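Results of the structural survey
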Amino acid sequence: MSETHMPTIDEFFDATPELQIIRQWARARYAAEWAVFGGVLLRVAATTGPEVQLPGVIGGRASLNLLCAFVAPSGGGKGISDKVARLAWPAPIVERPIGSGEGIAATFVPPKKEGIEPITKAIINVPEIDTLAGIASRQGSILLAQLKSAAMGEQLGQANSSEATTRIVPPHTYRLCMSVGAQPAHTGVLFNDTTGGTPQRFLWFLTTDPDMPSDVTPDPEPLNARLPFWRPDTDGVIEIVYGPPEITETIIGAHIARQRGREDALDGHAMLTRLKVAACLAILHHRSTVSELDWQLSGVVMEVSNRTRDWVVAESRKADRRKIRDRAIGRAMGDEVVEDRRLDRAKEGVLRWLERQGELPANKLRTNLKANLRDYCGAALAELVDAGQVVQIEVERGTRYRLPESTGCTEVQGIKPQVGDGVPPVQGVPLPTLHAVNDDPDETSQKTARQWIDAYVSRILDSGVDTVESAKVYEAGQVAGYKIDNLRQAAKSSELISVAARKGSVTVWNLGAGGENTVVSAEEWLTGWLRSTGGWVKAADVYAAGLAAGYGRDTVKSACVRAEIDKRGQSIATEWSVAAAVVERGA
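Residues numbered from 1 in each chain as written. Predicted model: local features only at pLDDT ≥ 70, side-chain atom pairs only at ≥ 80, totals over all residues. Heavy atoms only, no water.

**Here's the deal with the overall build of the chain**
- Each helix and strand in the chain was counted, giving 20 helices and 22 strands.
- A total of 587 residues make up the chain; the buried ones form 44% of that total.
- Long-range pairs, those at least 24 residues apart, make up 70% of the contacts in the chain between residues at least 6 apart in sequence.
- With an accessible surface of roughly 29,100 Å², the chain has 50% of that area assigned to carbon and sulfur atoms. (Helix = DSSP H or I, 4+ residues; strand = E, 2+ residues; numbered from the N terminus. Buried < 20%, exposed > 50% of the residue type's maximum accessible area, 1.4 Å probe, protein only. Contact = heavy atoms within 4.5 Å. Areas by Shrake-Rupley, 256 points an atom, 1.4 Å probe, with all protein chains shown as cover.)

Here it is as structure tokens:
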């Protein structure tokens, strides 16, 4: 490739034989090529001694110490890219796990025992960023401060009252490189310190590759890990040389722009990071002078890093919004539980007062309830009347309420000429008012729930109606003495009933032999939806999905019991999953 041509991201790995080898190693071991490149770049920097430094165009000389973050949605892939980078650049490098801020300095403190070589070059490996977050969150932790100092090659450690615990590492006497594996939602430990400059000091690489080929590729020969022939200055420093004048001009221009406050705060250290990349590219190609091509390639690397960093920020914000939504849903569920409980208590209170005094107006019932239940009186009366547990009587001066008579017929409220709650009759036939009439005093004892359901449906069909709300039939069945669970099972097995429509908690049945369900039952929907998620799901999310699919909260809650759903957790933290037995039989 001509050095006058500005390479693109797609052309990057074709620019030099060394970059082609890195890509071949990535493909041979099915790793993300940019993550492998980042791992190699980190190892090139860690192979180079601390005496190799960037020239002091602005201020003093700068360190080649390099920090890299390897990210993926699932957190996977970093281990693979690390191993492949070791194969591609087989130089012996000291690697250490992360410790405290003081522990980082201790890595480079000269040993007190004779005959032990001091460590001046090392890679600090952090496979999981949560480890970094845990250490940084400790009271009095200096970890982030030490990392920022290390990235600049500044003095590490701190002086203590005891000589034995004092650890001071002079500036530019160590080469520290850091490799961090992270999931986007867990990068707060770095991005929470944006104003402090922590994320700006990192290069960012994805450990996933959507274009990864599946072809079998042989392992190439490793890269030549030989360092360039260095010529130290009189003070022992080996200074990287910037070949093109454009580099120095760009450094000065970027510095002036920052000084004048025109740069994005997140990119405050972008120039220094790019210079490190350009220098490491030169060293990778066995040169001590940064060429025009090195400089252009470093711009491509920074573009990839910036894109990855922006993606991490966006994904992290999405995760934050999900947390806020989950907390809001949790609070709403908690409020709903309280509301439901108070409504139930109000209904219990209404029934007790009607049992004691026989017949009362709404205002008297409201007054008799406890103060915190009075606002629920109207809703309680409406539900009790709708369920047939309370009879509403219109009198000259208003409305009064009483319990149903123990003998005679109890009207099941709600089935009127139109199906309630805005659901029209499926066949366009208006529904008459139905009554739970027990024609045979011994009918309940003589018939099963299935026999009763079939007989009741047959009477409705005989009246010329072929659609009905399921709740109305269930209410009539309960009045006749059958349990709701038995009625539901009977309806499911009846050949005279098929589901025609559903809206919220209202289900409309088609009546007559040979009908087919036109909607999925709540149990079928619930087991199918949970199985599609492949794991545990918060109850709040299940309710939300059910509502979107047309199943009310109470319907989903009932279906959860009938569909044999496993649960774990308590209160608003409850999670649901399809029971293993249901999965095995494909329910």
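From this point, the narrative continues.
**Concerning the sheet that holds strand E14 (residues 398-402)**
- Across the sheet, which stays open at both edges, the three strands sit in the order E12-E14-E13 with antiparallel pairing between neighbours. Only two strands of the sheet have a single neighbouring strand rather than two, namely strand E12 (359-361) and strand E13 (391-395). On average, each strand axis in the sheet is inclined to that of its neighbour by 35 degrees, with strand direction left out of account. (Pairing = 2+ DSSP bridges. Axes fitted to C-alpha atoms, helices over the stretch in contact; angles between N-to-C directions.)

**Describing the packing of aromatic side chains**
- In this structure the tally under the stated criterion is 16 aromatic pairs.
- For the ring pair Phe-202 and Trp-204, a centre distance of 6.1 Å and an interplane angle of 45 degrees mean the geometry is tilted.
- On the accessibility criterion, Trp-204 (0% relative accessible area) is buried.
- Just above the ring of Trp-353 sits the side chain of Arg-356; from NZ or CZ to the centre is 4.8 Å.
- One residue, Arg-488, lies across the ring of Tyr-474, its end atom 5.7 Å from the ring centre. (Phe/Tyr/Trp six-rings, centres within 6.5 Å; stacked < 30°, edge-to-face > 60°. Lys NZ or Arg CZ within 6 Å of the ring centre and 35° of its normal.)

**Some thoughts on the sheet that holds strand E3 (residues 95-97)**
- The strand order across the open sheet formed by five strands is E3-E4-E7-E2-E8, and the pairing between neighbours is parallel. Each edge of the open sheet is held by one strand with a lone partner, namely E3 and strand E8 (202-206). Taken over all neighbouring pairs, the strand axes of this sheet differ in orientation by 25 degrees on average, direction set aside.
- Note that E3 and strand E4 (residues 121-126) share three bridges and pair parallel. Considered in E4, the bridge of Pro-97 is made with Asn-125.

**As for the packing of helix H2 (residues 33-47) against helix H9 (residues 270-284)**
- With their axes 9 Å apart at the nearest point, H2 and H9 run at an angle of 85 degrees to one another. It follows from the interaxial angle that H2 and H9 lie roughly perpendicular. Contacts between H2 and H9 pair Phe-37, Val-40, Leu-41, Val-44 and Ala-45 from the former with Val-277, Cys-280, Leu-281, Ile-283 and Leu-284 from the latter. (Parallel < 35°, antiparallel > 145°, perpendicular 65-115°, else oblique.)

**Some words on a nonpolar patch on the surface**
- Together, Tyr-30, Met-212 and Val-216 give the surface a local cluster of nonpolar side chains, amounting to about 300 Å² of exposed area.
- Mapping Tyr-30 onto the fold places it in the loop between helix H1 (17-28) and H2.
- Among the residues examined, Tyr-30 registers a relative accessible area of 38% and is labelled partly exposed. (Patch = residues over 30% accessible without salt bridge, like charges linked within 9 Å, V, L, I, M, F, W, Y side chains within 5 Å. Salt bridge = Lys/Arg side-chain N within 4 Å of Asp/Glu carboxyl O.)

**Some points on the confidence of the model for the chain**
- Summary statistics for the chain give a mean pLDDT of 80 and a share of 82% for residues scoring 70 or more.
- Of all helices and strands in the chain, the one with the weakest mean pLDDT is strand E15 (residues 410-411) (36), whereas H2 scores best (96).
- Confidence over residues 406-445 falls short of pLDDT 50; this stretch has 81 contacts with residues more than four positions distant or in other chains.
- The low-confidence segment residues 582-587, where pLDDT is below 50, has 10 contacts with residues more than four positions distant or belonging to other chains. (pLDDT = per-residue confidence, 0-100.)

**Overview of the pairing of E8**
- Judged by how many residues are buried, E8 sits mostly within the fold: four of five residues are covered.
- Relative to E8, strand E2 (residues 67-71) is paired through five bridges, and the arrangement is parallel. Within the sheet, the bridge partner assigned to Cys-68 lies in E8 and is Leu-203.

**A word on the pairing of E14**
- Bridge analysis of E12 against E14 gives three bridges, and the strand direction is antiparallel. Residue pairing across strands places Leu-360 opposite Tyr-401, the latter belonging to E14.
- Pairing between E13 and E14: five bridges, direction antiparallel. Of the residues in E14, the one forming a bridge with Val-395 is Gly-398.

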